[in-house]
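The primary structure of each chain is shown beneath.
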Amino acid sequence: MSCVSTDFATASTAFRSSSSRPSIQRSRRSLPARRVTSASRATTSAADGVGFSAAGFFFPYHVGVWEELIDIGVMRSEETPCAGASAGSLVAVLHACGMTPEDGKRILSDVLADCRKNGVIGRVGGVLERILRQELPSDAHERCSRGNLFISVSSPSFEFGVEEGATFSLEGEIISEFESFDDLMGALLASCHIPIYCGWPARRYRGKWCVDGGWANLTPTPQANGCIRVCAFPLLDAWHKAKPGDGKETGDFFAQQASFWSDWGHDNTAGLLIAPDAAGGEPSWDYSEAIRYALLPGSNEILEEMVVMGRTDAKRWAEATGRASLSNRESLEIV
């Protein structure tokens, strides 16, 4: 869960105690298909796809956005393709498996509760693996191999030359087909692998050493054009100040068209970015505060505030882009 950019049953209730966590030996569940219907939903067009950024322990923000996009019909059950890097991949896989934002709040609260109680250094990867293995449906890899899930992974490498000295490169890859449940788990854990936080400096996946997927591509999308990006961090000002070009010749990973955040400002102009500073937003927290809470899980109150922030930013984006809102959430029928 990247910090470069990183049961709370509702945004107004406390998180569940970690003492109620089920044992890792519990069998994975078989989930029924989910159907979401609403008469008002026909007024809102579904997105071509949604990509969730790396976020670290700021991922409750993503859950808030996810919940709002479901409510306004922009994300329609698991039919809407999703992509994610690091913590963003967790929300993406839950949606692709047909699970709901309420499921996400419950599952991800277990991750936060464990890390608050027992610490994060060298532990986060193990906590994620335990909880994902017990909560994802047994056929998750099949559900997620239908062109509806795209996970970003990053592979670092070092080269040594007599004249150039040591050079560092970072190769990004998007994984969208999964051979088995373990293969899907490997992609998720590789995408979420922050050195030290998750143990060994890199994680082996499909024959490569991998680190946090947000390093190469902060907010991947299911396809090149027309998809919505969701980012928990206010980065527009930094992107506008970055140097033009893709940075390949200079090794500038933060050039405006570098894979890390290419077209960031253009996507905002096109109405394709949901973030604290997008769609005319004024962030309630500055970047340094957001990074601090991405590094370590905050209090229940802070985490609840993150969910509210996500919903608020998604609502503002919907108003700015002319997306219809549902005036009555109770009109949804979830079966």
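*Asks:* Can you help me understand unusual backbone geometry in this one?
*Replies:* In terms of backbone geometry, most residues other than glycine have negative phi values and most peptide bonds are trans. Positioned with a positive phi, Ile-196 is a non-glycine residue whose angle comes to about 80°. Under the relative-accessibility criterion, Ile-196 is labelled exposed at 55%. Even without glycine at this site, Arg-206 takes up a positive phi of about 50°. Tracing the backbone through its elements, the reader meets Arg-206 in the loop between β6 (203-205) and β7 (208-210). Judged by relative accessible area, Arg-206 falls into the partly exposed class, the value being 42%.

*Asks:* Got a minute to help me understand the pattern of salt bridges in this structure?
*Replies:* When charged atoms on two side chains of opposite charge get close, those side chains can pair. Applying the stated rule across the entire model yields 18 salt bridges. Between Asp-114 and Arg-123 there is a salt bridge, with its nearest N and O atoms 2.7 Å apart. Using a relative accessible area of 26% as the deciding quantity, one classes Arg-123 as partly exposed. A salt bridge links Glu-129 to Arg-133; the nearest nitrogen and oxygen atoms lie 3.0 Å apart. Of this pair, Glu-129 and Arg-133 both sit in helix α4 (residues 124-135), four residues apart, which is roughly one turn of the helix. Connected through shared salt-bridge partners, Glu-67, Glu-68, Asp-71, Glu-102, Lys-105 and Arg-311 make up one network.

*Asks:* What is the right way to read the nonpolar core from this model?
*Replies:* Soluble, globular proteins show a tendency: their nonpolar side chains are buried together. Counting 89 residues, the largest nonpolar core has Phe-58, Leu-69, Leu-136 and Phe-233 as its most contacted members. Residue contacts for Leu-69: discarding those within four places in its chain leaves Val-50, Val-74, Met-75, Ile-274, Ala-314 and Trp-317.

*Asks:* Is there a simple way to explain the side chain of Ser-191 in this structure?
*Replies:* Among the structural elements, Ser-191 can be located in helix α6 (residues 181-191). Under the relative-accessibility criterion, Ser-191 is labelled buried at 0%. Within the local environment of Ser-191, its side chain forms a polar contact with the backbone nitrogen of Ser-86, the two atoms lying 2.8 Å apart. Setting aside residues up to four positions removed in sequence, Ser-191 forms contacts with Gly-84, Ala-85, Ser-86, Ser-89, Ile-151, Ser-152, Val-153, Asp-212 and Gly-213.

*Asks:* I keep staring at the packing of α4 against α6 and nothing clicks. Help me out?
*Replies:* To describe two helices that pack against each other, one gives the angle between their axes and the distance between the axes. Closest axis-to-axis distance for the α4/α6 pair is 11 Å, and the angle between their directions is 145°. With respect to the hand of their crossing, α4 and α6 are arranged in right-handed fashion. Note on element contacts: α6 touches α4 through Phe-181, Asp-182, Met-185, Leu-188 and Leu-189, opposite Gly-125, Leu-128, Glu-129, Leu-132 and Arg-133.

*Asks:* So what exactly am I meant to see when it comes to helix α9 (residues 287-295) here?
*Replies:* In an α-helix, one full turn covers 3.6 residues, which means residues spaced three or four apart are oriented alike. If you check which residues of α9 are buried, you get Ala-290, Ile-291, Tyr-293 and Ala-294. Projected down its long axis, α9 carries its buried residues within an arc of 165°, all on one side. Turning to α9, the residues buried within the fold contact α10 (300-321).

Calculation rules
Residues numbered from 1 in each chain as written. Predicted model: local features only at pLDDT ≥ 70, side-chain atom pairs only at ≥ 80, totals over all residues. Heavy atoms only, no water. Buried < 20%, exposed > 50% of the residue type's maximum accessible area, 1.4 Å probe, protein only. Helix = DSSP H or I, 4+ residues; strand = E, 2+ residues; numbered from the N terminus. Salt bridge = Lys/Arg side-chain N within 4 Å of Asp/Glu carboxyl O. Core = buried A, V, L, I, M, F, W, Y, C linked by side-chain atoms within 4.5 Å. Contact = heavy atoms within 4.5 Å. Polar contact = N/O pair within 3.5 Å; in protein donor to acceptor, adjacent residues only side chain to side chain. Axes fitted to C-alpha atoms, helices over the stretch in contact; angles between N-to-C directions. Left-handed = near helix turned anticlockwise from the far one by under 90°. Arc of directions from axis to C-beta.

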